[in-house]
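Chain and residue survey
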Amino acid sequence: MSSPSGGEDSKDDEKDEESNRLLPLSSSSQSQSLQSEGYSDEVAFEAREKIVIVDVEGPDSIDAVDYVPPFSWRKLWLFTGPGFLMSIAFLDPGNLEGDLQAGAIAGYSLLWLLLWATVMGLLIQMLSARVGVATGRHLAELCRDEYSNWARYILWFMAEVALIGADIQEVIGSAIAIQILSNGFLPLWAGVLITASDCFMFLFLENYGVRKLEGVFAVLIATMALSFAWMCGDAKPSGKELLKGILIPRLGSKTIRQAVGVVGCVIMPHNVFLHSALVQSRKIDPQKKAQVQEALTYYSIESSVALFVSFMINLFVTTVFAKGFYGTQQASSIGLVNAGQFLEEKYGGGLFPILYIWGIGLLAAGQSSTITGTYAGQFIMGGFLNLRLKKWTRALITRSFAIIPTIIVAIIFNTSEASLDILNEWLNVLQSMQIPFALIPLLTLVAKEQVMGVFKIGPVLERLAWTIAVLVILINGYLLIDFFISEVKGLLFGFLIGSGTVAYVSFIIYLVSRCGTSPSNGLSLELSERITCNGN
């Protein structure tokens, strides 16, 4: 009789120990538990879609809490993919416009800021990946459980607004590239319609598996790198000035706006949600500490390499325009619409016209970023609203949100370069306003033991992450204030902006007040389900 009793006590002790460790419930266990109650949650990737990592479940020692397998190049290759898809947000047409304006107006002086902004972006994206790997759920799903209904609906709306703003810039960028490559034969609205078809290309590629889709993005990134490196070779920028720009911090009163733009383009709200979902394309069990730790290591390496590549591409664009237009009369009038013509006038000739090289790179940037935007839209909508829709349905809905207003914009602004530049400024402001609604939930959740278990970030990293978040929010706040002071006219419009600002700040205060609080009912239910599953 003593033996069964001792076995039960041992099971109870193991249950308590597991509860104290607070390792998150895996997606498969959670799905089974919820399905037994008559419903199932939306997931980023179905089990059949996930890539199996070789040898992860080989020797029994891998299941040990403190065992991490030795480094493997083969495993790194299998983990490579999500970071490069994430890095597309650092290379979209909006970023390229920020690069060319920074180069034309500030010369080489802001390259150091581009470097450190990329490092800050890397830290934020690694925290996003950490949330996804350690919990088996992406950020939008976790927000659904963490916040009350009214708050999560606001967060979902803000994420959708940021995504639509980014998508309009990306689609317009692709349409400009198509106009360049067609020698002006295709108008802007036609380019928008062509770009809209990438939704179906995305669905077609997804049917062939995650790796095929990642391969297409690798080709697009390589196309950007080759195109802009070719441009840089034609421009022959000063190596000495380039090194000085990277190593020596400089900031003048005339370049503050460009500096704000460089930092503001780094953190894309939808990209924070996206990365936490992309990392779940690999088959990792969040309940096994060794697997989680190994995945975090490989994803950190992969993300670092991906963002280094994106930094070099941004560097190429900035230096080309710094060499050709810094200190000239045209510097302040260069934008995404007319950049190709200015390049052709400055560097025309050569083996292949630089106008078309620019157009090819811009098209690759626009197409890749619109596809990742569609991807992010699926995760955001499915995660916040828990919608179980077919992929083509969700992709079509997500695409329509951006394409319909973009077509309207393209028709209205088709013949006005100045109007498109003003529109781009408004879209940058729109996205800047949404940054707190991605960063604050991320930093709140990644520091919670109830959510992350043993993989919550430590106090030093937490303070560093909050410092970066506050810095980015303040920099974008400066952009907002500067923009509204110069653009907002009229008492009624000013009153509306003021009222909106009060509501905006109040919601940010609410989100910050959630930091360090006990888990919400949804997370508490998840923990109880996990304990029940372990007990059974």
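Computed from a prediction, not measured in an experiment: that's the story for all the values here. (Residues numbered from 1 in each chain as written. Predicted model: local features only at pLDDT ≥ 70, side-chain atom pairs only at ≥ 80, totals over all residues. Heavy atoms only, no water.)

Below, the discussion takes up unusual backbone geometry. With phi around 60°, Asn183 is a residue other than glycine that occupies positive phi space. Along the chain, the position of Asn183 falls in the loop between α8 (149–181) and α9 (188–196). The backbone phi angle of Lys236 is positive, close to 50°, even though this residue is not glycine. Topologically, Lys236 is positioned in the loop between α11 (210–235) and α12 (239–247). Owing to a relative accessible area of 60%, Lys236 belongs among the exposed residues under this scheme. (Helix = DSSP H or I, 4+ residues; strand = E, 2+ residues; numbered from the N terminus. Buried < 20%, exposed > 50% of the residue type's maximum accessible area, 1.4 Å probe, protein only.)

Where helix α14 (residues 269–278) contacts helix α20 (residues 436–446), the two axes come as close as 7 Å, and the packing angle between them is 40°. Side by side, α14 and α20 meet where Pro269, Val272 and Phe273 of the first sit next to Phe437, Ala438 and Leu442 of the second. Looking at the contact of α14 with α20 residue by residue, the class counts come to 6 nonpolar, no polar and no charged. (Axes fitted to C-alpha atoms, helices over the stretch in contact; angles between N-to-C directions. Contact = heavy atoms within 4.5 Å. Nonpolar A, V, L, I, M, F, W, Y, C, P; charged D, E, K, R; others polar.)

Here Ala89 shows up in the loop between α4 (82–87) and α5 (93–106). It is 9.8 Å that separates the C-alpha atoms of Ala89 and Glu170, two residues lying 81 residues apart in sequence. In this structure, Ala89 is in contact with Asn95, Met268 and Asn271, ignoring residues within four places of it in sequence.

As a further point, take the packing of aromatic side chains. The full count for this structure, using the stated rule, is 15 aromatic pairs. An angle of 15° between the planes, with centres 6.0 Å apart, marks the rings of Phe507 and Tyr510 as stacked. Here the residue Phe507 and the residue Tyr510 both occupy positions in helix α23 (residues 491–513), the gap between them amounting to 3 residues, near one helical turn. Each residue in the set Phe71, Trp73, Phe79, Tyr298 and Tyr299 is aromatic and connected to the rest through ring pairs, giving one cluster. (Phe/Tyr/Trp six-rings, centres within 6.5 Å; stacked < 30°, edge-to-face > 60°.)

All right, on to α20 then. Most of α20 sits out of view: 11 of its 11 residues are buried. Buried within α20 are the following residues: Pro436, Phe437, Ala438, Leu439, Ile440, Pro441, Leu442, Leu443, Thr444, Leu445 and Val446.

It is worth spelling out the confidence of the model for the protein at this point. For the protein, mean pLDDT is 79; residues scoring 70 or higher make up 80% of the total. pLDDT under 50 marks residues 56–63. Its contacts with residues more than four places away, or in other chains, come to 12 contacts. Every residue in residues 519–536 scores below 50 in pLDDT, and together they form 34 contacts with partners more than four places removed in sequence or on other chains. (pLDDT = per-residue confidence, 0-100.)

Ranked by internal contacts, the top residues of the largest apolar core, which has 80 residues, are Leu127, Val133, Ile267, Phe273, Phe384 and Phe437. At 14 residues, helix α6 (residues 111–135) tops the list of elements feeding residues into this core. Those residues in contact with Ile267, other than ones at most four positions away along the chain, are Gly121, Ile124, Val272, Ile435, Leu439 and Val472. Listed in part, the 63 residues of the second largest apolar core include Leu96, Leu336, Tyr347 and Leu355. (Core = buried A, V, L, I, M, F, W, Y, C linked by side-chain atoms within 4.5 Å.)

Where nonpolar side chains cluster on the molecular surface, the patch consists of Trp426, Leu492, Phe493, Phe495 and Leu496 and spans about 540 Å² of accessible area. If one sorts the elements of the nonpolar patch by residue count, α23 sits on top with 4 residues. Inspection of the secondary structure assignment puts Trp426 in helix α19 (residues 417–434). (Patch = residues over 30% accessible without salt bridge, like charges linked within 9 Å, V, L, I, M, F, W, Y side chains within 5 Å. Areas by Shrake-Rupley, 256 points an atom, 1.4 Å probe, with all protein chains shown as cover. Salt bridge = Lys/Arg side-chain N within 4 Å of Asp/Glu carboxyl O.)

Take the pattern of salt bridges next. If charged atoms from side chains of opposite charge come close, those side chains can pair. Evaluated as defined, the whole model comprises 6 salt bridges. Salt-bridge contacts for Glu214 lead to Arg282; the nearest nitrogen and oxygen are separated by 2.7 Å. Here Arg282 lies in the loop between α14 and α15 (289–325) and Glu214 lies in helix α11, a separation of 68 residues in the sequence. Across the pair Glu241 and Lys244 runs a salt bridge, and its minimum N-O distance is 3.7 Å. Of this pair, Glu241 and Lys244 both sit in helix α12, 3 residues apart, which is roughly one turn of that helix.

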